[in-house]
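Residue-level structural notes
Residue-level listing of the chains:
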Amino acid sequence: MYLRTLHLQQFRNYRDQTVEFTAPKTILLGDNAQGKSNLLEAVELLATLKSHRSTSDRELILEGTKESRITAFLEREHSNLDLVINLRFGARRGITINQQPIKRHMDFLGSLNAVQFSSLDLELVRGAPEKRRSWLDTILMQIEPIYAHILQQYNQVLRQRNALLKRLQHEASLDNFYEELALWDVQLATTGSRVTRRRARVLERLAPLAQDWHTKISGKTEIFTLNYAPNVPIPENNPEKVQEAFLEKIQLRRIPEHRQGTSLVGSHRDDIEFLINETAAKLYGSQGQQRTLVLALKLAELKLIEEVVGEAPLLLLDDVLAELDLHRQNQLLEAIQDRFQTLITTTHLGSFDADWLHNSQILSVEAGMVLDSI
Ligand code: ATP
Ligand code: MG
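Scope of this entry: the structure provided in the associated data block. In this text, all values refer to a predicted model and were calculated from it rather than measured experimentally. (Residues numbered from 1 in each chain as written. Chains lettered and ligands numbered in written order. Predicted model: local features only at pLDDT ≥ 70, side-chain atom pairs only at ≥ 80, totals over all residues. Heavy atoms only, no water.)

A few words now on the packing of aromatic side chains. Across all of its chains, the model carries two aromatic pairs by this definition. Among the aromatic residues, ring-to-ring pairing joins Trp-135, Phe-224 and Phe-274 into one connected group. Over the face of the ring belonging to Trp-356 we find Lys-25, whose NZ or CZ atom lies 4.7 Å from the ring centre. One cation-aromatic arrangement involves Lys-216 over Trp-213; the distance from NZ or CZ to the ring centre is 4.3 Å. (Phe/Tyr/Trp six-rings, centres within 6.5 Å; stacked < 30°, edge-to-face > 60°. Lys NZ or Arg CZ within 6 Å of the ring centre and 35° of its normal.)

Given below as structure tokens:
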């Protein structure tokens, strides 16, 4: 897929800017705080309907205005898509594909696929489990848009179950509430098992790809393992079995759940383990090892989406190239070649390979404006 045009209106620090992409690689060059990451963020929104930098649309709308609009023209193998996301102050988003309004997120997701790689991604290794879950969930939403709906259902059940547990926290006994609780237990088990099984399945496909890349980049000296660590261990990827396992664990945790007034069992407590030579990368990995690991994960993500979707996703590299040493840079550049449309932000061109620069479109970003660079 190829993003031909991006039009930003009142989005972040862009007032009204159209960008034409004329080469498989585009370098966005500019000083700090000029709008480079903002532009990538707009593409991220088109791919996931989310921004990893912000949870409120209000922050995305140009200060002093009430509405912003992201318009994209995307060429895909079998169709061209006009995509529009309209963000409104204090109102629902308006989303259209080829001028047709889209009501459900899952019908928009999957139109444009993108893999984002930024220096923040080291948090994937070092950060809290939430980062890893959110990484995995974002991949899933792109390759199985229905997952967005499944996860939303799970979160809704979780919120309601938590509200109930909170309400019952100060009851001396749960005896009078078992029926009500049992209802929510089943809901949590049903929706949770859907989340868990899909996460398990995608990790099964992702792990060998990430291991292959890791071997390539680290030069076979290290063994990388990636394990799903679900809060409810799953006996086998069978819906009934997984639901049973959920219900059993919920029973076991009844007393602490009552005491703490919150759900202690479920997919919201899943994690993913990254091991290098059988030790946790989080605790023992050097900076370099952790960078290699994240790079391997990102390349695996790229490949997985390409396999599932049947077209190459976009790659968004935010400030990341300059942080990689030459060897890792070359691995990355070799993997991309001209197969993936790539948008790269940087503050200087110094660390780029000359051939690469020659083949790239270079744009300058200055105070929310994008100009052709010489
Ligand atoms: P760096 O090289 O430091 O990463 P960058 O070019 O990637 O810089 P961005 O994060 O894209 O910078 O842009 C940051 C700029 O956008 C800041 O000046 C910030 O004030 C501005 N900005 C962010 N949100 C809004 C908004 N809603 N309205 C107006 N300006 C905004
Ligand atoms: Mg930036």
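As a further point, take the packing of helix H5 (residues 146–168) against helix H6 (residues 178–218). Running from N to C, H5 and H6 cross one another at 150°; their axes reach a closest spacing of 9 Å. Where H5 crosses over H6, the two elements pack in a sense that is left-handed. By residue class, the composition of the contact of H5 with H6 is 14 nonpolar, five polar and seven charged. (Axes fitted to C-alpha atoms, helices over the stretch in contact; angles between N-to-C directions. Helix = DSSP H or I, 4+ residues; strand = E, 2+ residues; numbered from the N terminus. Left-handed = near helix turned anticlockwise from the far one by under 90°. Nonpolar A, V, L, I, M, F, W, Y, C, P; charged D, E, K, R; others polar.)

We now examine the site of ligand 1. Around ligand 1 there are 17 residues in total, and Ala-33, Lys-36, Ser-37, Asn-38 and Glu-59 lie nearest to it. In this structure, Glu-59 approaches ligand 1 through a main-chain N or O atom, which is 2.8 Å from a nitrogen atom. Alone, ligand 1 offers 660 Å² of accessible surface; in the complex the protein occludes 73% of this. Ranked by the residues each element gives to the shell around ligand 1, the list is headed by helix H1 (residues 36–48), at three residues. Class assignment of the residues belonging to the shell around ligand 1 gives a composition of three nonpolar, seven polar and seven charged. (Near = heavy atom within 4 Å. Polar contact = N/O pair within 3.5 Å; in protein donor to acceptor, adjacent residues only side chain to side chain. Areas by Shrake-Rupley, 256 points an atom, 1.4 Å probe, with all protein chains shown as cover.)

That's the geometry; what it means functionally is another story.
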